[in-house]
Amino acid sequence: MTLKQKFSQLEDQKSALLAANFYNYETVTGVLRAASAMDMPIILQASPSTIRYLGAEVAACMALKSMEKFGVEGWLHLDHAESIETIQACLDAGFDSVMIDASEKSFDENVKITSKVVSLAEKYGANVEAELGYVAKLGQSHEKEGFTNPGEAREFTEKTGINALAVAIGSAHGFYRKEPDLDLDRLSAIKKECTAALVLHGGSGIPDAQIQEGIRRGIRKINVATELKDAFMNSLQGELTNNSEIDLRKVFPPAVEAVSKLVQQKMNIILNA
Ligand code: 13P
């Protein structure tokens, strides 16, 4: 099933996919172990910095082969790409889905570059996600507001032909300084106007009840990265404290397990929406 088909199935089921970022083989394994244990589908996603770190082909081989190995229904997605070159490399490597993030450009420029990516991805049968509005990236101000306008969301989706739209409704990437308070009425208004699958970025630290209400109101993909990195590194740091072990195959498994536990928790939030 393509991701596009999956989104339309989720629309009927009023459910969502968890999209977990990965950074190395261990995080891929942790995420997929959880998906396999829960028998739930998953999106594995890599940011451009992960692509720079691993290379598009290695990232694709590792993720796609591992999904096969774990018997998991999953899709490989490129998260927050800003350049056509990175998108092209990932499509050539076999990614199922790409995000073009031109959200900091003007509406018209965003439409232009996103439309270009949609026609590029069409040749590969790949899904395209774009972003409209301001979702603070790591290190950017959480104070600035630039929420997605429902009418613009419709116009943007119609003009570009995207399959998925990241919405700005009060979430932000990284750890929150204060508890987020999602603008759920705005989400419902966007949902009324827009046929693309709606995506919630900045999933780390959003209270479970808000995620669940978001799903009921139309969110179909929930991105989680920061909490996953945190779980992995906390476990690893704990393993390495006062430990002279040099066999890395012995210190990584607990960190893989920590990721798997976290992903299972996130999947349970979706299951109980
Ligand atoms: P967090 O790092 O806040 O979980 O956000 C993940 C994300 O939205 C990736 O695009």
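About the criteria used
- Residues numbered from 1 in each chain as written.
- Predicted model: local features only at pLDDT ≥ 70, side-chain atom pairs only at ≥ 80, totals over all residues.
- Heavy atoms only, no water.
- Helix = DSSP H or I, 4+ residues; strand = E, 2+ residues; numbered from the N terminus.
- Contact = heavy atoms within 4.5 Å.
- Near = heavy atom within 4 Å.
- Polar contact = N/O pair within 3.5 Å; in protein donor to acceptor, adjacent residues only side chain to side chain.
- Areas by Shrake-Rupley, 256 points an atom, 1.4 Å probe, with all protein chains shown as cover.
- Nonpolar A, V, L, I, M, F, W, Y, C, P; charged D, E, K, R; others polar.
- Phe/Tyr/Trp six-rings, centres within 6.5 Å; stacked < 30°, edge-to-face > 60°.
- Buried < 20%, exposed > 50% of the residue type's maximum accessible area, 1.4 Å probe, protein only.
- Core = buried A, V, L, I, M, F, W, Y, C linked by side-chain atoms within 4.5 Å.
- Axes fitted to C-alpha atoms, helices over the stretch in contact; angles between N-to-C directions.
- Parallel < 35°, antiparallel > 145°, perpendicular 65-115°, else oblique.
- Left-handed = near helix turned anticlockwise from the far one by under 90°.

This part takes up the side chain of Asn127. Examined against the element boundaries, Asn127 turns out to sit in strand E5 (residues 127–132). Sequence-distant contacts of Asn127, that is, excluding residues within four places in its chain, are made with Leu3, Lys4, Phe7, Asp96, Ser97, Val98, Asn163 and Ala164.

Lining the immediate environment of the ligand, one finds 15 residues, of which Asp79, Gly202, Ser204, Ala225 and Thr226 sit closest. In the model, an oxygen atom of the ligand is placed 3.0 Å from a nitrogen or oxygen of the His201 side chain. Within the complex, the protein chains bury 96% of what would otherwise be the 310 Å² of accessible surface of the ligand. Among the secondary structure elements, those contributing two or more residues to the shell around the ligand are strand E3 (74–81) and strand E8 (219–224). Of the residues in the shell around the ligand, the class split is three nonpolar, eleven polar and one charged.

Tallying each qualifying case throughout the model produces two aromatic pairs. Judged by centre distance (6.0 Å) and plane angle (65°), the rings of Phe107 and Phe156 are edge-to-face. Of this pair, Phe107 sits in helix H6 (residues 107–122) while Phe156 is found in helix H7 (residues 150–160), placing the two residues 49 residues apart along the sequence. Residues Phe107 and Phe156 agree in their burial class; the two are buried.

With that settled, consider the nonpolar core. Formed by 82 residues in total, the largest nonpolar core has its most connected members in Phe22, Ile42, Leu44, Ile87, Phe95, Leu165 and Val263. Contacts of Leu44, omitting those with residues within four sequence positions, involve Ala20, Phe22, Val28, Val31, Leu32, Ala63, Met67, Trp75, Leu76 and His77. Grouped together as the second largest cluster of nonpolar side chains are twelve residues, Ile43, Trp75, Met99 and Val199 included.

What follows is about the packing of helix H5 (residues 84–93) against H6. The interhelical angle for the contact between H5 and H6, taken along N-to-C directions, is 15°, at an axis separation of 11 Å. Of the possible angle classes, the one that applies to H5 and H6 is roughly parallel. Classified by chirality, the crossing of H6 by H5 is right-handed. When H5 is examined against H6, the residues Ile84, Ile87, Gln88 and Leu91 are found in contact with a partner set consisting of Ile113, Lys116, Val117, Leu120 and Ala121. Looking at the contact of H5 with H6 residue by residue, the class counts come to seven nonpolar, one polar and one charged.

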